[in-house]
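The residues making up each chain are set out below.
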Amino acid sequence: MTLREEFRLRNFCFSRVSTERFFTFQWRLPGLAYLLYRIGTAAYTLTFLIITASNQLKHPGDLQHWGAYLTNWTYIVLTTYHVYHAIIAIVAFTLCSIERRSCLSRPGVDLHLALFYEFQTGRDDLGSEDSEVTRLSSDVTYFQPPTRWHLNILWILLSVSSTASFMVTLVFWAILVPTMGDGMELVNDDNIQLHLVNTILVLLEHSVTAIPVRILHVIYPFCYALIYMFFSLFYWIPDHSHVMYDILDWNKPGETTGYCLLVGFVVIPILHFLIYLLYRLKLKIFSAVYNL
């Protein structure tokens, strides 16, 4: 797919992707390794969500304060993605095993390569239900396809958690730490987990997942940021001391509006495009490995 094709309106949606790509690595590895990876990342993110939350929830009124931070929102979304992905992967692999199909072993080269529409040249009809991808997928299917909306939610969660994690890490290390009187006080175990390891997890996910990245899916992290912006405003209205971040201080409406426009229309699109470039780099390496 060329860069120009990425801007077709249909790419706001979720068509043209084989179901199996949500249940396999980009790289041709055994299904068992994929399942263990899913369980491992889900367990890791859920464990540290509980740990970091418990460290910050020591008093009765802390829950409201903890729940107001974008950092915690984003780690919850990241954890939800990994746990949800693990659950549907376990279900899919269980159904596969019950039907005694070979899903835990390493897939054949032809079966694996047939999943990737990016290398199916000259097939512009791939978006329809009767498309070549669908027919190829039915030929190589080793999972019962789940209800489609489950995968749509999964894809949205991946888009949102990826771009938002990059944004949280960037804002924390590039803006908050340098501008604090003693910024190094912010560098503790919880903040390293929430503001650095989160992005490492995203980079790891995008290095192995077979789920594609679409430029127009930037709309989903944009909507996420918009929701948080309105939340911060309504959180501030009843008590003007409810300022979670200096760049979202509604006591300075003009400055805060400017920051919101900068983040929404510059920062988020750039970060999402960087993730897209990582996806294209992965495809290029994949193409070189398999001589496509």
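Just so it is clear, the structure is predicted and the values come from calculations on it, not from any experiment. (Residues numbered from 1 in each chain as written. Predicted model: local features only at pLDDT ≥ 70, side-chain atom pairs only at ≥ 80, totals over all residues. Heavy atoms only, no water.)

## Details of the overall build of the protein
Condition: Segments assigned H or I by DSSP are reported as helices when at least four residues long, segments assigned E as strands when at least two residues long, and all are numbered from the N terminus. For the exposure calls, accessible area comes from a 1.4 Å probe over protein chains only, and a residue counts as buried if that area is under 20% of its type's maximum, exposed if over 50%, partly exposed in between. Contact criterion: two residues are considered in contact whenever any of their non-hydrogen atoms come within 4.5 Å of each other. Note on areas: these come from Shrake-Rupley sampling with a 1.4 Å probe, and a residue is covered only by the protein chains present in the view.
For the protein, the helix and strand inventory stands at nine helices and zero strands. Each helix and strand of the protein, placed in order from N terminus to C terminus, yields the pattern α-α-α-α-α-α-α-α-α. Across the 292 residues in the protein, those meeting the buried criterion constitute 49%. Excluding contacts between residues fewer than 6 apart, the proportion of contacts in the protein whose partners are at least 24 apart in sequence is 81%. Element-wise, carbon and sulfur atoms account for 69% of the exposed surface of the protein, whose accessible area totals about 14400 Å².

## Concerning the packing of helix 8 (residues 219–236) against helix 9 (residues 253–289)
In plain terms, the rule: The angle between two axes is taken between their N-to-C directions and runs from 0 to 180 degrees, where each axis is a line fitted to C-alpha atoms and a helix contributes only its stretch in contact. The labels follow the angle: roughly parallel below 35 degrees, roughly antiparallel above 145, roughly perpendicular from 65 to 115, and oblique for the rest. When the near helix sits turned anticlockwise from the far one by under a right angle, the crossing is termed left-handed; a clockwise turn instead gives a right-handed crossing.
Their axes nearest at 10 Å, the elements helix 8 and helix 9 cross at an angle of 150 degrees. Accordingly, the angle class assigned to the pair helix 8 and helix 9 is roughly antiparallel. Handedness of the crossing formed by helix 8 with helix 9: right-handed. On helix 9, the residues touching P221, F222, A225 and M229 of helix 8 are C260, G264, F265, I268 and H272.

## A word on the packing of helix 1 (residues 31–56) against helix 7 (residues 189–208)
Put simply, the test is: Think of it as three bins: nonpolar holds Ala, Val, Leu, Ile, Met, Phe, Trp, Tyr, Cys and Pro, charged holds Asp, Glu, Lys and Arg, and polar takes everything else, Gly as well.
Interaxial distance between helix 1 and helix 7 falls to 11 Å at its minimum, and their mutual angle equals 165 degrees. Considering the angle they form, helix 1 stands roughly antiparallel to helix 7. Judged by the twist between their axes, the crossing of helix 1 over helix 7 is left-handed. Judged by residue contacts, Y37, R38, Y44, T45, F48, T52, N55 and Q56 of helix 1 engage D190, Q193, L194, V197, L201, L204, E205 and V208 from helix 7. Grouping the constituent residues of the contact of helix 1 with helix 7 by class yields eight nonpolar, five polar and three charged.

## Observations concerning the environment of L29
Within the secondary structure, L29 sits in the segment before helix 1. We classify L29 as partly exposed; its relative accessible area is 39%. Along the chain, L29 and G108 lie 79 residues apart, while their C-alpha atoms are 9.8 Å from each other. Each residue touching L29, except ones within four places of it in the same chain, is listed here: R106 and P107.

## Structural notes on helix 8
Along an α-helix, residues three or four apart share an orientation, since each turn contains 3.6 residues. Heads up, the condition is: Each residue after the first adds 1.5 Å to the expected span of a helix.
For helix 8, which comprises 18 residues, the first-to-last C-alpha distance of 26 Å matches the rise-based estimate of 26 Å (1.5 Å per residue) to within 8%. Along helix 8, the residues classified as buried are Y220, P221, Y224, A225, Y228, M229, S232, Y235 and W236. Against helix 2 (62–66), helix 3 (70–98), helix 6 (148–179) and helix 9 lie the buried residues of helix 8.

## Looking at the pattern of salt bridges
For clarity, the threshold we go by: Any Lys or Arg side-chain nitrogen found within 4 Å of a carboxyl oxygen on Asp or Glu counts as a salt bridge.
Evaluation of the coordinates by the stated rule reveals two salt bridges. The residue R21 makes a salt bridge to E118 at a minimum N-O spacing of 2.9 Å. With R21 in the segment before helix 1 and E118 in the loop between helix 4 (109–113) and helix 5 (132–140), this pair connects stretches of sequence that are 97 residues apart. With respect to class, R21 is no different from E118; both count as buried. A salt bridge links R38 to E205, with the shortest nitrogen-to-oxygen separation between them at 2.6 Å. Note that R38 is positioned in helix 1 and E205 in helix 7, a separation of 167 residues in sequence. R38 gets classed as buried once you look at its relative accessible area, which sits at 0%.

## Thoughts on the packing of aromatic side chains
Selection criterion: Two aromatic rings from Phe, Tyr or Trp, using only the six-membered ring of Trp, form a pair when their centres are within 6.5 Å; if the ring planes differ by under 30 degrees the pair is stacked, by over 60 it is edge-to-face, and anything between is tilted.
A complete count under the given rule lists 21 aromatic pairs for this structure. For the ring pair W27 and F286, a centre distance of 5.8 Å and an interplane angle of 55 degrees mean the geometry is tilted. Within this pair, whereas W27 is found in the segment before helix 1, its partner F286 is found in helix 9, the two being separated by 259 residues in sequence. By relative accessible area, F286 is classed as buried at 0%. A ring pair is formed by F172 and W173, whose centres lie 5.0 Å apart and whose planes are at 85 degrees; its orientation type is edge-to-face. W173 sits in the partly exposed class, given a relative accessible area of 30%. By way of ring pairs, the aromatic residues W27, F116, F119, F286 and Y290 are connected into one cluster.

Scope: geometric values only; no functional claims are made or implied.
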